[in-house]
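# Architecture at a glance
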Amino acid sequence: MSNWNFGDFGFADGAGDEDEDAEVGFSWKAAGRDSIIFLVDVTRPMFIKQETGESHFELCMKCAQSVLKNKIISSDRDLVGVIFFGTDKEKNSGNFKHIYTLQELDQPCAARILELESFTEDGTADFEQKYGHNSSFSLSDALWACSNMFSQSPHNLASKRVLLFTCNDNPHSNDPALQRQARTKAKDLHEVNIDIELLHLTTPGKEFNFSEFYQDIVFNTDEDEASVLPDASEKLEELMTRVRAKDNKKRTMGRIGFELGEGLQLGVAIYNLIGEQKKPYPTKLYKRTNEPLKRNRKTFCEDTGELLMQTDIKKYQVYGGRKIVFEQEEVADIKKFGDSGLKLMGFKPRTALKPYLHVRPAQFIFPDETSIQGSTTLFNALLKKCLARDVVAICRFIPRRNSPPRFVALLAQDEELDDQSIQISPPGFHVIFLPFADDIRKLQYPEAPRATPDQIDKAKTFIKKLNFPFSSENFENPVLQTHYRTLEALALDKDLPDAVVDHTEPPQIDKRVGGPIQEFMDMVFPQGYVPGAKPPPKRKAESKAGGAAKKPAKDGGNVDMEDMARQGKLAKLTVPVLKEFCQSKGLSTGGKKNDLVEEIKSFFGV
Amino acid sequence: MAGKDKEAIVICLDVGPMMNQAPPGFCSDLETACDVISMILQRKLFSESKDEVCLVLFGTPDTANKLATNHDGYFNITEAKPMGLVDLDLIQFVKTEIQPSNISADFFDAVTVAMDIIHTVTTAAGSKFTSSRVILCSNLGGEFSQDKEDNIVQAIKDGKTEINFIGPPLDDDGHTDEDQPGPSTPRKPPKKPKTPQQNLGEKKIKEILKEVEGDAFSFGDVIPLLSFFETKPVRQTPWKCNLEIGNNLKVPVCGYIRVKEASAKSWKSVYEKGANKEYTPKGVTSFHLNDEEETEVEEDDIVEGYRYGSDIIPISKVDKDNMAYKLPGKMLQVLGFTKTENVKRQQYMGRSVFVFVADPNDDHGAVAFSAIVNAMYEANVVAIVRRGATARSQPKLGCLVPHIKAKYESLLFFELPFAEDLRTYTFASITQNPKFQPSDEQLKAVDHLIDSMDLMGEKGEGEEDDDEEDNELLKPKEMLNPVFQRLYQCLLHRALNQNESLPEIDPQLRDSLERPQAVAASSCEAVDEIKNLFKLEVVKKADKGTAEDVFGVVNQNGDAPAAPADDNADVSMADMAQGTITEVGSVNPVSDFQALVKNADGPTFQKFCKQLQKRIEQLVLESFGSQFFKKAMDCLQSLRTESLQKKESETFNVFLTDLKQKLKTTHKTAFWNKICSDGVTLISNTECTSSTVSSEDSKKFLEEDAPPQDEEMAEPEGESADNLLDMMD
């Protein structure tokens, strides 16, 4: 993970009173890492094979594996630990009986995943011998062990979660003292912001009675639902789902001033809401030991063999035959146009933002109270008015000090929520980068025949049937997904990586609209049409079928070759036309265009 | 502008007396004209244009042109530089060697000379010119004879020569179609009345321009003018492929880059060793083991690895080839169609826009293409496609948007993000939160702002969206990347003045980055209105720790002292991240204070003392029992030590006296007792000469209210508790 541009990271975002916002607004440095402990009941009932052919314990291990594998891709700095309770042996920092720390709280790695895998793959036969079972544990001790594990971590922890897996709804049922201790301990944990989540495993025919005991262990922040048993299967499913995607922590690309007019400025923070997720960059390793290598780049003078320092090197460009030389700092200085900031130039209707005005992915701005208090209200007013009047703000944008200026259009976006009041699109302005005249190519468009209304209507029939509600979320990058799976397979010694579903493969279009497409093709294409091939020599028959306006100049059949040759206009014809003519007359079709022209000329004796 | 175009350009520059008139302190028209011409030439030079330029001066004392030798007349016209590629010498000549004269010449004659030159070069054997242009630079002050007018017009029309006039703004007398392009920054001297001769000349030039469809620019419009002249030409190379819908429908298309960030010519490296010894440096990358000798490892012994959690997994070439994603090759395949609004503007990825048109060599394909484009347009959908640029490139997700113009039908192609590229951050609901709701009055002020900063200008006579005829300001098509302009300025300056440092940014260029003056002026009122209605307060950045910055922070927090535990949490967070201390925080007040006062004295020192004093009071007052007493005492002792060192006894003594009073009136006498038992008293004149307190007085200060012995004895227990709390802090 790169750690650039954290220089000016201060506090949370504008609206500091929004808890959620304040939390995610930190840079990761300040926020620390997420941590999870799997606290797994390993008493004998957990090992009974269920109808699925798998014991609860195995399910737990699968779950933990899945989480580790996901974490490794999404945020490998997060920490995961595994603790068994109800073992015969003990291993933990607090010397609690019947508590066994399988994995300390640490970053995920392949060895840990393999260890967890061994429980599901090699069976659990030797569990007895390795760890043993003993039901005289104390749940309070187990929780305490978790608490210790968190507090002993040398890392700064942003969130602390205990996932408690058990199938016993009433542990210590004969010992109210132990139960009381456990409740007290749970409360202690809650007070130091350790969340305990219960993943209860049910056996058919036996209800898991939440209110029996665990409702006092799991603190539900939502008071109303305190007595309702959360659906564990859903949670389990969530944990089991393999998601291979990097988890980008919300962080700003910078905080800048937005000047509306002379002496009128508000603060905004810049975010990237989209950004290409590239395949991770490889590290060079020594083949024999797999140890990482250090990269060393040196600059030599080839002629004298001298080792050069960066400061020895100057930069130049050649223009008008002259070498124009600059120092390296000067080259950097040329790009400097002043301090960072957005400066409002004026407003244009949104329609003036033509679709082709695009040079790089958009950014997003949101008010920043930490630099100028009161920014949010003004920002809000601007946002509302831009939305209401359907205008975009044109600004000059210098993202960082001394980076070159660009012009941008600020495109207002209102907040959008889904049925569950979850934000789909945040309120703020998208920063659309505008091209300069230098970036817009002046193109010449060849004239082309147009379709008839009938043909257009026919095309509409299949286009309408191929309509789908597009969302980028449904299209994973197959290259990235293959890479993750390959890496996973190699790291975990698998013979084959998990299969990738390539959503970018075209769907079965012909199955759905093969008919209308065929009808359309019959309408616009002559029989035996090969796309991109030279126009067939016989044209009359097809023009009825095609109904297209023909362009005589390009049409070999309609051109009087001899006439063209005599007028010296052969060079104006395209190579395919010339070639075709040569073919029809049995002339040589080799060589370049000039050769063809000469060939035809000599054919007509010009 | 395709790469093979080559233009013959003759620049006719008036150097006559009218051109040299300007009020003191302002540029004369001649100087301005030279600037404009050198900018045009500069762009030609740096875009490595193949166009050739010839410079004709009229109004010169001498006469040097072919027509003058062959015919009678055409006096005072000099062909200063023959037709040729633009080079630095030509620019240097324009910049430094053009002299004003006091003879005026006929601009008709000059144009005739120019047309003759063009005729000569374009009809010469082997001429590669594809077009020609005459640029007339004059304020039309000289006399002219009209007898050749018809000939010239005919010659221009025959030769399809473009003619551009650069001069003072032409007045609009009824000719609405000759709007000046965009009101830009008036850097010109106050408009001076035109002479009758100039008015006559203007009328004539307008007639001619109308006749030959020429364009006129005013001296002030340099930047839009330049964009008209030249951008780096890029050859229009097609990306050919079949647009596939299903397995059977294949439509041959050509894709061209429509928009892409232009990049400057790359810099090359040189190593200059002494005078005239230049070498090309060569970079070598090597890989080394992390051992003591830093053993270098051969390429064959290196394998690539990827991080997997805390492990790095080596992936051999074989594995890579076997397991990597099988690239689908070069293609453009439709995955489906979706409503136009499903693809949001802000989701465009990639760094270029392609435009797809039908392959011109396949008429049937073109008909199919036309049908599909129109059908998409009418159904208001875009196509979602995957595109592989080459056989070896990764497939990208993208969309094709129908784009229909009178002259062509096309599909614009934009890349779209994959699921992994989306970042779903949640932001505060500022539009809903009542705390941030603007009042109606405030909204109205913003409305005014939007009204007053309209960049569209007046609508051109009911024309639809014909791009060319409106007065829109800051059109991307007319704005040049300032980086290139700046680079060219520097290159030229360095080329002409080897040893000088970089020049200042050209003022015209600076202006082009500022708010258009008309907009700035008209928005003044609305800006003031907003300033009055919205409360905006700059939060001083706590980054440099100057007294000023700290003072700002102190003032801000002064009104509302918060609980010590979370007071200024943001500031201290930032401090921790930055490693600089800017004020006395609540977490480590002593060390903060010590760090701050290290180099402070006088008023600055007192400011920090005040901050620490505030902390001490806070700690004592908000202490639960004697919880924070230990910490407060540490602060107090540190304050005393530093005050003594800086000889600022007064500040400390006043504070301590004040504190004593406060402690007695509140219920915190326990802390006073602690002060007494620890013997922290006023600074006496024996310790510090500037003190007005005698050592006796200082002793008395504590004794007056010395606590009974037994109370003091009760302290230790509390103190150990303090220590514990302190450690946890």
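Computed from a prediction, not measured in an experiment: that's the story for all the values here.

Before going further, it helps to examine the overall build of chain B. Each helix and strand counted, chain B has 23 helices and 20 strands in total. A buried classification covers 51% of the 729 residues belonging to chain B. For chain B, the proportion of contacts with a sequence separation of at least 24, taken over those separated by at least 6, is 71%. Put simply, chain B shows about 34900 Å² of open surface, and 49% of that area lies on carbon and sulfur atoms.

For the rest of this paragraph, the subject is the packing of helix H17 (residues 602-622) of chain B against helix H18 (residues 629-645) of chain B. Residues and elements named next belong to chain B. Between H17 and H18, the least distance of the axes is 9 Å, while the angle of their chain directions is 160 degrees. If you check the angle between H17 and H18, you find them roughly antiparallel. Here H17 and H18 pass one another in a crossing that is left-handed. Each of Phe605, Cys609, Leu612, Gln613, Ile616, Leu619 and Val620 in H17 lies in contact with H18, whose residues at this interface are Phe629, Lys631, Ala632, Cys635, Leu636, Leu639, Glu642 and Ser643. Class assignment of the residues belonging to the contact of H17 with H18 gives a composition of 11 nonpolar, two polar and two charged.

Bringing the sheet that holds strand S12 (residues 322-326) of chain A into the picture now. A sheet is described by the order of its strands in space; here four strands give the open sequence S12(A)-S11(A)-S9(B)-S10(B), paired in antiparallel fashion. Each edge of the sheet is formed by a strand with only one pairing partner; in this case those strands are S12 of chain A together with strand S10 (278-279) of chain B. Of the strand pairs in this sheet, strand S11 (residues 313-319) of chain A and strand S9 (residues 268-272) of chain B are connected by four bridges, and their pairing is antiparallel. Residue pairing in the sheet places Lys315 of chain A in a bridge with Ser269 of chain B of S9 of chain B. Against the sheet, helix H11 (residues 482-496) of chain B engages S11 and S12 of chain A, with an angle of about 110 degrees to S12 of chain A.

What follows deals with helix H16 (residues 575-584) of chain A. Residues and elements named next belong to chain A. For H16, every residue scored as buried is listed here: Val577, Leu578, Glu580, Phe581 and Cys582. Considering only its buried residues, H16 is in contact with helix H15 (561-566) and helix H17 (593-604). Gly586 occupies a position one or two residues after H16 and carries a positive phi of about 70 degrees.

With that settled, the discussion passes to the confidence of the model for chain A. Residues and elements named next belong to chain A. Chain-level pLDDT for chain A is 83 on average; 88% of the residues reach the 70-or-more range. When mean pLDDT is compared element by element in chain A, strand S20 (residues 428-433) scores highest at 97, while helix H1 (residues 19-24) scores lowest at 32. Every residue in residues 222-227 scores below 50 in pLDDT, and together they form six contacts with partners more than four places removed in sequence or on other chains. For residues 536-557, every residue scores under 50 in pLDDT, and the model assigns this stretch 30 contacts once sequence neighbours within four places are set aside.

Together, Glu296, Glu298, Glu299 and Asp300 of chain B make up a negatively charged patch on the protein surface. With a relative accessible area of 53%, Glu298 of chain B lands in the exposed category.

Positive phi values are uncommon outside glycine, yet Asn290 of chain A reaches one of about 60 degrees. Examined against the element boundaries, Asn290 of chain A turns out to sit in the loop between strand S8 (283-286) and strand S9 (294-301). Backbone geometry places Leu140 of chain B, a non-glycine residue, at a positive phi of 60 degrees. Judged by relative accessible area, which is 2%, Leu140 of chain B ranks as buried.

Taken together, the 218 residues of chain A in the interface contact 200 residues of chain B. Summing the contributions of chain A and of chain B, the shared interface buries around 20000 Å²; its carbon and sulfur component is 62%. Contact with chain B buries surface across chain A, with Tyr319, Tyr356 and Arg441 of chain A losing the most and accounting together for 4% of the total. Linking chain A with chain B are 23 salt bridges, by the criterion used here.

The tally for this structure, following the rule as stated, stands at 45 aromatic pairs over all chains. With a centroid separation of 5.1 Å and an interplanar angle of 70 degrees, the aromatic rings of Phe57 of chain A and Phe127 of chain A are classed as edge-to-face. Taken together, the residues Phe57 of chain A in helix H3 (residues 56-74) and Phe127 of chain A in helix H5 (residues 127-130) connect sequence positions 70 residues apart. Considering the side-chain rings of Phe593 of chain B and Phe605 of chain B, the 6.4 Å spacing of their centres and the 45 degrees angle between planes classify their relative orientation as tilted. Highlighted residues: Phe593 of chain B in helix H16 (residues 589-597) and Phe605 of chain B in helix H17, separated in sequence by 12 residues. Directly above the aromatic system of Phe433 of chain A lies the positively charged group of Arg360 of chain A, at a separation of 5.0 Å from the ring centroid. The aromatic ring of Trp239 of chain B is capped on one face by Arg387 of chain B, whose charged end is 4.2 Å from the ring centroid.

A cluster of nonpolar side chains, Phe300 and Leu307 of chain A together with Val284 of chain B, forms an exposed patch at the surface whose accessible area comes to about 240 Å². The residue Val284 of chain B is located in strand S11 (residues 281-288) in this model. On the basis of relative accessible area, Val284 of chain B is assigned to the partly exposed category, the value being 37%.

A few words now on the nonpolar core. The biggest cluster of nonpolar side chains holds 95 residues, and the ones touching the most others in it are Phe258, Leu342, Phe347 and Leu410 of chain A together with Leu449 of chain B. The greatest single-element share of this core, amounting to seven residues, is contributed by strand S16 (residues 391-398) of chain A.

Below, the discussion takes up helix H21 (residues 695-703) of chain B. All names here are of chain B. Within H21, burial applies to Ser698, Phe701 and Leu702. When H21 is viewed along its axis, its buried side chains cluster within an angular range of 90 degrees and face the same direction. Facing away from the buried side of H21 by more than 90 degrees, the exposed set consists of Glu696, Lys699 and Glu703.

What follows is about the pairing of strand S18 (residues 396-404) of chain B. All names here are of chain B. By the criterion of burial, S18 is predominantly enclosed, with seven of the nine residues buried. Of the strand pairs in this sheet, strand S17 (residues 381-388) and S18 are connected by five bridges, and their pairing is antiparallel. Following the sheet pairing, Ile384 is matched in S18 by Cys399. Relative to strand S19 (residues 409-415), S18 is paired through seven bridges, and the arrangement is antiparallel. Residue pairing across strands places His403 opposite Ser410, the latter belonging to S19. In textbook terms, the turn of a hairpin is the stretch between consecutive antiparallel strands, and for S18 and S19 this stretch comprises four residues.

Further remarks concern the pairing of S11 of chain A. All names here are of chain A. With five of its seven residues buried, S11 lies for the most part within the structure. Bridge count between S11 and S12: five bridges; the pairing is antiparallel. The residue of S12 that forms the bridge with Val318 is Lys323. What sits between the antiparallel neighbours S11 and S12 is a turn of two residues, in which Gly320 has the positive phi angle 50 degrees.

Of note, Lys460 of chain A is situated in helix H11 (residues 453-465). Filtering out sequence-adjacent residues up to four positions away, Lys460 of chain A remains in contact with Ala375, Glu378 and Ala379 of chain B.

Glancing now at the UniProt feature "domain: Ku" (unreviewed entry) in chain B. This chain's UniProt record puts "domain: Ku" (unreviewed entry) on residues 294-433 of chain B. For the annotated span residues 294-433 of chain B, helix accounts for 17% and strand for 41% of the residues, and the straight-line distance between the end C-alpha atoms is 60 Å.

With respect to the helices and strands, Pro281 of chain B occurs in strand S11. Exposure remark for Pro281 of chain B: the relative accessible area of 14% places this residue in the buried category. Spatially, the C-alpha atom of Pro281 of chain B lies 35 Å from that of Glu52 of chain B, the residues being 229 residues apart in sequence. Here Pro281 of chain B is in contact with Thr299, Phe300, Leu308 and Ile313 of chain A together with Ser269, Val270 and Tyr271 of chain B, once residues within four sequence places are set aside.

Quick look at the sheet that holds strand S17 (residues 406-413) of chain A now. Residues and elements named next belong to chain A. Strand order around the closed barrel formed by seven strands is S6-S7-S14-S20-S17-S16-S13, with mixed pairing between neighbours. The mean angle between the axes of side-by-side strands here comes to 40 degrees, regardless of whether they run parallel or antiparallel. Pairing geometry for S17 and S20, over six bridges, is antiparallel. Considered in S20, the bridge of Val408 is made with Phe433.

Residue and element names in this part refer to chain A. It is the contact of H11 with helix H13 (residues 509-524), at a shortest axis distance of 9 Å, that shows an interaxial angle of 165 degrees. Judged by the angle between their axes, H11 and H13 are roughly antiparallel. As for how H11 packs across H13, the hand of that crossing is left-handed. Contacts between H11 and H13 involve Asp454, Gln455, Lys458, Ala459, Thr461, Phe462 and Lys465 from the first element and Arg512, Val513, Pro516, Ile517, Glu519, Phe520, Met523 and Val524 from the second. Classifying every residue of the contact of H11 with H13 by side-chain character gives eight nonpolar, two polar and five charged.

The rules behind these values
- Residues numbered from 1 in each chain as written.
- Chains lettered and ligands numbered in written order.
- Predicted model: local features only at pLDDT ≥ 70, side-chain atom pairs only at ≥ 80, totals over all residues.
- Heavy atoms only, no water.
- Helix = DSSP H or I, 4+ residues; strand = E, 2+ residues; numbered from the N terminus.
- Buried < 20%, exposed > 50% of the residue type's maximum accessible area, 1.4 Å probe, protein only.
- Contact = heavy atoms within 4.5 Å.
- Areas by Shrake-Rupley, 256 points an atom, 1.4 Å probe, with all protein chains shown as cover.
- Axes fitted to C-alpha atoms, helices over the stretch in contact; angles between N-to-C directions.
- Parallel < 35°, antiparallel > 145°, perpendicular 65-115°, else oblique.
- Left-handed = near helix turned anticlockwise from the far one by under 90°.
- Nonpolar A, V, L, I, M, F, W, Y, C, P; charged D, E, K, R; others polar.
- Pairing = 2+ DSSP bridges.
- pLDDT = per-residue confidence, 0-100.
- Patch = residues over 30% accessible without salt bridge, like charges linked within 9 Å, V, L, I, M, F, W, Y side chains within 5 Å.
- Salt bridge = Lys/Arg side-chain N within 4 Å of Asp/Glu carboxyl O.
- Lys, Arg positive; Asp, Glu negative; His and termini not counted.
- Charge placed at Lys NZ, Arg CZ, Asp CG, Glu CD.
- Buried area = accessible area lost by both parts, 1.4 Å probe.
- Phe/Tyr/Trp six-rings, centres within 6.5 Å; stacked < 30°, edge-to-face > 60°.
- Lys NZ or Arg CZ within 6 Å of the ring centre and 35° of its normal.
- Core = buried A, V, L, I, M, F, W, Y, C linked by side-chain atoms within 4.5 Å.
- Arc of directions from axis to C-beta.
- UniProt positions renumbered as here; feature names shortened; annotations may be inferred.

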